[in-house]
Amino acid sequence: MSSGPSRVFVARLAGIAVFDPAGEQVGRVRDVVVALRSDQRRPRVLGLVVDVPPRRPVFLPITRVTTIDADAVIFNGRLNMRRFSQRAAETLAIAEMLDRKVKVGGEDFIAIDVAMEPLRTRDWEIARVAVRRNGKLRRRGETIVVEWESITGFGVAEEQQGAASLIAAFERMKPADLANVIHELTPKRRGEVAAALDDERLADILEELPEDDQVEILSKLHMDRAADVLEAMGPDDAADLLGELPVDQREQLLRLMEPDEAEPVRRLLSYADNTAGGLMTTEPVILPPDSTVAEALAQIRNPDLNPALAAQVYVCRPPTETPTGRYLGTVHFQRLLRDPPSTLVGGIVDRALSPLRPTMSLETVAGHLAIYNLVSAAVVDEDGRMLGAVTIDDVLDHLLPEDWREGVMDTGDEP
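Here's a quick rundown of the structure.

Rules used in this analysis
As a convention, each chain's residues are numbered from 1 in the sequence order in which they are written. Owing to the predicted nature of the model, reporting of local features is limited to residues with pLDDT of at least 70; listing and counting of side-chain atom pairs is limited to 80 or more, with chain, interface and lining totals taken over all residues. Only heavy atoms go into the side-chain values, all of them from the structure, while hydrogens and water stay out. The working definition used for a salt bridge is a side-chain nitrogen of Lys or Arg within 4 Å of a carboxyl oxygen of Asp or Glu. Strands here are runs of E lasting at least two residues and helices are runs of H or I lasting at least four, both read from the DSSP assignment and numbered beginning at the N terminus. Here's how the labels work: a residue is buried when its accessible area is under 20% of the maximum for its type, exposed when over 50%, partly exposed in between, all with a 1.4 Å probe on protein chains only. Two N or O atoms form a polar contact when they lie within 3.5 Å of each other; inside protein one atom must be a possible hydrogen donor and the other a possible acceptor, and for residues adjacent in sequence the pair counts only when both atoms belong to side chains. Here a residue-residue contact requires only that any non-hydrogen atoms of the pair lie within 4.5 Å. Helix axes use the C-alpha atoms of the stretch in contact, all axes being lines fitted to C-alpha atoms, and the angles between their N-to-C directions lie in the range 0 to 180 degrees. Note that the term roughly parallel is reserved for angles under 35 degrees, roughly antiparallel for angles over 145, roughly perpendicular for angles of 65 to 115, and oblique for everything else. The residue classification treats Ala, Val, Leu, Ile, Met, Phe, Trp, Tyr, Cys and Pro as nonpolar and Asp, Glu, Lys and Arg as charged. All others, Gly included, are polar. In this scheme the crossing of two helices becomes right-handed for a clockwise turn of the near helix relative to the far one and left-handed for an anticlockwise turn of less than a right angle. Here, any two strands with at least 2 DSSP bridges between them count as paired. Working definition of a nonpolar core: buried Ala, Val, Leu, Ile, Met, Phe, Trp, Tyr and Cys residues. They are joined through side-chain atoms within 4.5 Å.

Digging into the pattern of salt bridges
Counted according to the given criterion, the structure contains 20 salt bridges. Among the salt bridges present, the one from E149 reaches R42, with a minimum N-O distance of 2.9 Å. Residue E149 is found in the loop between β12 (144–147) and β13 (151–152), and its partner R42 is found in the loop between β3 (25–35) and β4 (44–52); the two are separated by 107 residues along the sequence. The class of E149 is partly exposed, set by a relative accessible area of 41%. Through salt bridges with shared partners, a single network forms among R7, R42, E117, E125, R128, E147 and E149.

Dropping the structure here:
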């Protein structure tokens with residue numbers, strides 16, 4: 001180790017950038033791999049799990065790490081791009097050691113972080129553990145750091161493990177990146193993390209997970225909680241997930257959802273998966289024709305809005321909730337930027353662009369977006385009412401291989 005601190009708490013490593021010897025960023029730290037010992041000797045740090053594009057976890061031996069700073073890890077040599085697979089004798093420090101119930105001097109504590117320290121060689125070991133008393137609210141001064149030798153309990157299987165410290169370690173991650181972390185956890189740990197997340201955060205993460213993980217996690221939640229999470233999801237994502245469940249479970253969840261939240265989901269479920277109706281979201285930006293450009297720009301500035309949906313507004317006669325009154329046309333955001341703020345959107349709609357029909361196939365929808373260079377398109381029924389909009393991300397979701405989220409790509413092994 002050429003530079004850096006003499007002690008590093010592993011939770012602080014989550015998400016920091018990893019650079020090669022040339023200064024190029026290759027990925028971000030996901031976890032630290034350690035080897036626990038059967039006695040009280042300090043665990044060895046084997047290396048780091050690094051997420052490299054496209055969301056592929058690879059192993060970086062700790063002996064190749066030359067620098068660990070507050071915002072960067074630098075290594076020498078080459079990075080083996082073989083996908084990381086955890087071995088039986090290995091433990092992931094962040095995913096598995098944080099939130100464990102442990103004992104210090106016979107008293108119960110919760111491990112909230114572990115610290116690794118370098119040896120005279122280039123090896124590192126887990127030397128200390130940050131803990132707080134079990135069953136008490138976290139208060140200033142409550143957390144203590146103890147020597148590894150003072151701790152017992154890490155080697156004992158735990159039936160119900162918390163996840164607050166794990167979630168805090170990855171708090172700054174985008175939902176798609178955190179979903180990749182959760183996907184790699186054991187089913188037991190996935191369920192514990194899901195139980196600890198709030199509804200909105202869990203909904204965002206579920207939307208990024210493979211269908212098998214979505215179904216597994218939702219099935220482990222209490223039915224009332226599962227309905228709340230479905231309400232927090234986009235209607236199209238909720239419909240896709242419900243479509244994977246048995247009919248009786250699906251109907252029970254729909255009945256538990258608020259009627260105004262369940263109604264658009266039921267409508268989406270009435271369409272085949274690979275049609276415009278099955279692909280669409282029912283919550284695009286829709287304005288009446290007497291709205292101004294200033295009002296339209298205010299709508300698409302919403303930071304919670306999907307970028308594909310923010311690329312245009314749809315102009316319809318009232319009511320402006322789907323299914324709307326008569327669809328009049330689309331106004332692209334570039335047109336909104338060119339016109340004065342007081343301009344009425346009804347006067348600048350693109351009427352030449354034909355909308356999609358709900359029964360159009362996935363291939364037809366993809367072709368329509370490609371031909372007209374669109375990232376989103378309106379779906380309109382035979383009566384001229386707008387039902388929703390299909391976005392390019394949902395089209396790609398259905399066109400890409402089923403395992404695309406796992407970043408499975410054969411990049412070869414290091415010689």
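Some details on the side chain of R128
By the secondary structure assignment, R128 is in strand β11 (residues 124–133). Note on R128: relative accessible area 17%, which makes it buried. A distance of 2.7 Å separates polar atoms of two side chains, one belonging to R128 and the other to E147. Contact partners of R128, with chain neighbours within four places excluded, come to R7, V114, A115, E117, V145, V146, E147 and W148.

Here's the deal with the packing of helix α7 (residues 223–232) against helix α9 (residues 247–256)
Describing two packed helices takes the angle between their axes plus the distance from one axis to the other. Contact pair α7 / α9: the axes reach a minimum separation of 9 Å and the direction vectors enclose 75 degrees. Judged by the angle between their axes, α7 and α9 are roughly perpendicular. Listed contacts from α9 to M223, D224, A226, A227, L230 and E231 of α7 are Q249, Q252, L253 and L256. Looking at side-chain class alone, the contact of α7 with α9 contains 6 nonpolar, 2 polar and 2 charged residues.

So, the packing of helix α8 (residues 235–242) against helix α10 (residues 259–269)
It is the contact of α8 with α10, at a shortest axis distance of 9 Å, that shows an interaxial angle of 60 degrees. It follows that α8 is oblique to α10 by the angle criterion. Considering only the axes of α8 and α10, their crossing is right-handed. Across the interface between the two elements, P235, D236, A238, A239 and L242 of α8 pack against P264, V265, L268 and L269 of α10. By residue class, the composition of the contact of α8 with α10 is 8 nonpolar, no polar and 1 charged.

Observations regarding the side chain of T330
On the secondary structure map, T330 appears in strand β16 (residues 327–332). Among the residues examined, T330 registers a relative accessible area of 5% and is labelled buried. Within the structure, T330 has its side chain in polar contact with the side chain of Y327 (distance 2.7 Å). Residues in contact with T330, not counting those within four places in the same chain, are Q312, V313, Y314, V349 and D350.

With respect to the sheet that holds strand β14 (residues 286–287)
Spatially, 3 strands are ordered β14-β15-β16 in an open sheet, and the strand pairing comes out mixed. Because the sheet does not close on itself, it has two edges, and the strands there are β14 and β16. Bridging between strand β15 (residues 312–316) and β16 involves 5 bridges; their strand directions are antiparallel. Bridging from a neighbouring strand, Q312 pairs with H332 of β16.

With respect to the nonpolar core
In terms of nonpolar packing, the biggest core is built from 99 residues, with L13 and M116 touching the most fellow members. Considering every element that reaches this core, the biggest residue donor is β4, with 6 residues. One finds L297, V313, V345 and V349 within the second-largest nonpolar core, a separate group that totals 25 residues.

Some words on helix α5 (residues 199–206)
Turning to α5, its buried residues number three or more, namely R201, L202, A203, I205 and L206. Residues of α5 that are buried sit in contact with α3 (175–183), α4 (187–196), α6 (211–220) and α7. Backbone nitrogen of E200 and a side-chain oxygen of the N-cap are separated by 3.1 Å at the start of α5; the cap is D198.

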